[in-house]
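# Breakdown of the fold
This is what each chain is made of:
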Amino acid sequence: MSAASCLRSEDQFLCSICLDVFTDPVSTPCGHNFCKNCITEHWNTNDQYLCPICKEVFYTRPKLKVNTFISEMVSHSSEQQAAKPGEVPCDVCTGTKLKALKSCLVCLTSYCETHLEPHLTASGLKRHQLMDPVENLEDRMCMKHDKPLELFCKTDQTCVCMLCSVLDHKTHDVVPLKEEYEGKKAELGKTEAEIQQMIQKRRLKIQEIKHSVDLSKKDADREKAEGVQVFITLMESVERSLNELIETIEEKQRTTEKQAEDFIKELEQEISELKKRSSEVKQLSRSEDHLHLLQNFPSLKAAPPTKDWTEVSVRPPSYEGTVVRAVTQLEETLSEEMKKLFEAELKRVQRYAVDVTLDPDTAHPKLILSDDGKQVNHGDVKKNLPDNPERFSLCPGVLGKQSFSSGRFYFEVQVKGKTDWDLGVARESINRKGQITLQPQDGYWTTVMRNGNEYTACNDPSVRLSLKSRPQKVGVFVDYEEGLVSFYDVDAAALIYSFTGCSFTEKLYPFFSPFLNKSGKNSAPLIICPVNQTE
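Keep in mind that what you see is a predicted model, and the values were worked out from it rather than measured. Throughout this document, residue positions are counted from 1 along each chain, in the order its sequence is written. Under the rules for a predicted model, residues below a pLDDT of 70 receive no local features and side-chain atom pairs below 80 are neither given nor counted, while totals for whole chains, interfaces and linings still include all residues. Only hydrogens and water are set aside; all other atoms, that is, all heavy atoms of the structure, feed into the side-chain values.

### Some remarks on the overall build of the chain
Counting its regular elements, the chain contains 9 helices and 24 strands. Every radius of gyration here is taken over C-alpha atoms, with the globule rule written as 2.2 Å times N^0.38, N being the number of residues. Expected size for 535 residues packed as a compact globule is a radius of gyration near 24 Å; at 53 Å, the chain overshoots this value by more than 25%. Taken over the C-alpha atoms alone, the chain extends approximately 170 × 105 × 35 Å along its principal axes. Note on exposure labels: buried denotes an accessible area under 20% of the residue type's maximum, exposed denotes more than 50%, and partly exposed covers the range between, all computed with a 1.4 Å probe on protein chains only. Going through the 535 residues of the chain one by one, you find that 33% of them count as buried. Taking as baseline every contact in the chain between residues at least 6 positions apart, the subset at least 24 positions apart corresponds to 56%. Residue-level accessible areas treat just the shown protein chains as cover; the underlying method is Shrake-Rupley with a 1.4 Å probe. Total accessible area computed for the chain in this model is approximately 34000 Å², and 53% of it derives from carbon and sulfur atoms. Measuring between centres, the 69 positive side-chain charges of the chain sit 3 Å from its 81 negative side-chain charges. By definition, any uninterrupted DSSP run of H or I lasting at least four residues is a helix, any uninterrupted run of E lasting at least two residues is a strand, and each is numbered from the N terminus. Working rule for contacts: check all heavy atoms of both residues, and any pair within 4.5 Å makes them a contact. Positive residues here are Lys and Arg, negative ones are Asp and Glu, while His and the chain termini are left out of the count. A charge is said to be at NZ when it belongs to Lys, at CZ for Arg, at CG for Asp and at CD for Glu.

Right under this line is the structure:
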């Protein structure tokens, strides 16, 4: 079939109403063909049944007949797919543009399967260069020489034609387009492999994040369950103490009421007896019989037995101290529950124990460090050490070698036998020269002890701490992302103090200061201890 006949045959498959390929083609009595839906709607919206092509008028609505020949032809034609958005359409097709199968670099035209046939059969067209369909074929021609861009200039990193290679790019490194294509394709393959590797890493990171979320949810559920149980226990303790308090008060009141009832009952009994005697006295006193009165008078002399009620009284019970004793007992119960809580919390933070050693390059010249880097105390002799930027010059302090910039970490320090000490963490950029203020705005999160019993959290402002016992071992816990620094009395399993809402943006280092020697009174060392994690 020639290209011209293809064009003609295509027109025969177009509906004159919708101008598209027939859908359910039907014929009118006048012999013209339309889509069934098109002609039906046309007649439904007009007053008369008129053929849109020849204008023949039908006085009654014609009976439409399916055109089987056109249906078969349309079905055969539709085997080739129409071009979808983003696909290259055939430049020759009229009406519905079919999907292009190839593009010709000589004709600068894209062809569907039908219109490509001459390039596959005609000897003159067989020599044309065909390629997978592309748009904007003009961009593949040299604008200067109107020749196909078949070569690549590696010197100028641009595509050129044959004439360009012998004229403008004569001395340049020019290679066939295919050769450069293969090289770039290999690079793209390598890039694709790297991208896939990056994608895989990110997928693994997604799994890691999801796993972290799952762990967080489990921790949150466990914490909620434990918290609910603790508060239920506390509420039960409060309710029980309240009930006991009410019962104690009511029992005292019942005792008072019972005593009063007994007194009243006894008094009423005596009143009854007295009333009876009064009645007998009145009756005898009214007697006119001299003998009768004298004979019965002796029996009235014996008065009924009665109690002396002068000193008898009902004293209201004393309630002073009742509530205080109940609250004190409740406080003891709550303290026991709090201790259990802190013991559980301490066990949890001890899971994040890290191995910390002292950094001699940061130590003040008067500090004495053990060979294993686990102990430090203050000496009276200033050692001749290089004054490097990391070293404390005035503050008797030393940092740990290990730094932390994420996650959680925990370490314990023995402070037994000391009268003064400083402990905590410090950011990397702290000032280490001259006078230093141990406050968060200066990069320090610390607690200190002075004079053997004065404890202070160096916040802004400082917070005086009232501790029930003197810590012998102090635990330091940091949650970097949460902005939390907590100090624990390890032996008492009690919280000493917590810095909350901290903003960490640098590396954090453990900070230690055994403070001054004080003529031997404070000579005991600070000792970094191994963490004893008990279940």
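### Thoughts on the pattern of salt bridges
Salt bridge, as used here, is a side-chain nitrogen of Lys or Arg placed within 4 Å of a carboxyl oxygen of Asp or Glu. For the structure shown, the criterion picks out 21 salt bridges. Residue E87 pairs with K99 through a salt bridge whose shortest N-O separation is 3.8 Å. Taken together, the residues span a long stretch of sequence, with E87 in the loop between α3 (68-77) and β6 (102-104) and K99 in the loop between α3 and β6 at a distance of 12 residues. Assessed through its relative accessible area of 38%, K99 is described here as partly exposed. In this structure, E226 and R348 form a salt bridge, with 3.3 Å as the shortest nitrogen-oxygen distance. Separated by 122 residues along the polypeptide, E226 in helix α7 (residues 177-285) and R348 in helix α9 (residues 322-350) bring together distant segments of the chain. Beyond isolated ion pairs, a larger network of salt bridges with shared partners links D219, R222, E223, E226 and R348.

### What to know about the sheet that holds strand β11 (residues 174-176)
Across the sheet, which stays open at both edges, the 3 strands sit in the order β10-β9-β11 with antiparallel pairing between neighbours. Each end of this open sheet is capped by a strand with a single partner; those strands are β10 (158-160) and β11. Strand-to-strand twist across the sheet, computed as the mean angle between neighbouring axes with direction ignored, equals 35 degrees. By the convention used here, strands pair only if DSSP detects at least 2 bridges between them. Two elements, strand β9 (residues 151-153) and β10, share 3 bridges in a ladder whose sense is antiparallel. Helix axes are fitted to C-alpha atoms over the stretch in contact, other axes to C-alpha atoms as well, and angles between N-to-C directions run from 0 to 180 degrees.

### Quick look at the environment of T333
Within the element layout of this structure, T333 appears in helix α9. Along the primary structure T333 and V238 are separated by 95 residues, whereas in three dimensions their C-alpha atoms are 9.2 Å apart.

### So, the pairing of strand β15 (residues 408-414)
The element β15 is extensively covered by neighbouring structure, given that 5 of its 7 residues are classed as buried. In this sheet, strand β20 (residues 473-479) lies alongside β15 in antiparallel orientation, the contact comprising 7 bridges. In the sheet register, E412 faces β20, and the bridge partner there is G475. Two strands pair when backbone bridges link them, and β15 and strand β24 (residues 526-529) are joined in this way by 3 bridges, in the antiparallel orientation. If you follow E412 over to β24, its bridge partner there is C529.

### Section: the packing of aromatic side chains
Any aromatic ring pair is given by two values, namely how distant the centres are and how the planes are angled relative to each other. In this analysis, rings of Phe, Tyr and Trp, with Trp reduced to its six-membered ring, are considered paired at centre separations within 6.5 Å, and the interplanar angle assigns stacked below 30 degrees, edge-to-face beyond 60, and tilted for intermediate values. Overall, the coordinates contain 13 aromatic pairs when judged by the stated rule. Residues F487 and F499 carry aromatic rings whose centres are separated by 6.2 Å and whose planes lie at 70 degrees to one another, so their mutual orientation is edge-to-face. Linking F487 in strand β21 (residues 484-489) with F499 in strand β22 (residues 494-499), this pair joins segments that are 12 residues apart in sequence. As far as burial versus exposure is concerned, F487 and F499 are alike and both buried. By way of ring pairs, the aromatic residues W43, Y49 and F58 are connected into one cluster. By the criterion adopted, a ring carries a charge over it if an Arg CZ or a Lys NZ lies within 6 Å of its centre and within 35 degrees of its normal. Looking at K307, its charged tip hangs above the ring of W309, at a distance of 4.8 Å from the centre. Geometry around F515 places R450 over its ring, the cationic atom sitting 3.9 Å from the centre.

### A short note on unusual backbone geometry
P461 follows D460 through a cis peptide bond whose omega is 5 degrees. By the secondary structure assignment, P461 is in the loop between β18 (454-457) and β19 (463-465). Residues other than glycine seldom take positive phi values, yet L108 does so here, at roughly 55 degrees. Relative to the helices and strands, L108 resides in the loop between β6 and β7 (109-111). Although it is not a glycine, N451 sits at a positive phi angle of roughly 60 degrees. By secondary structure assignment, the location of N451 is in the loop between β17 (444-450) and β18.

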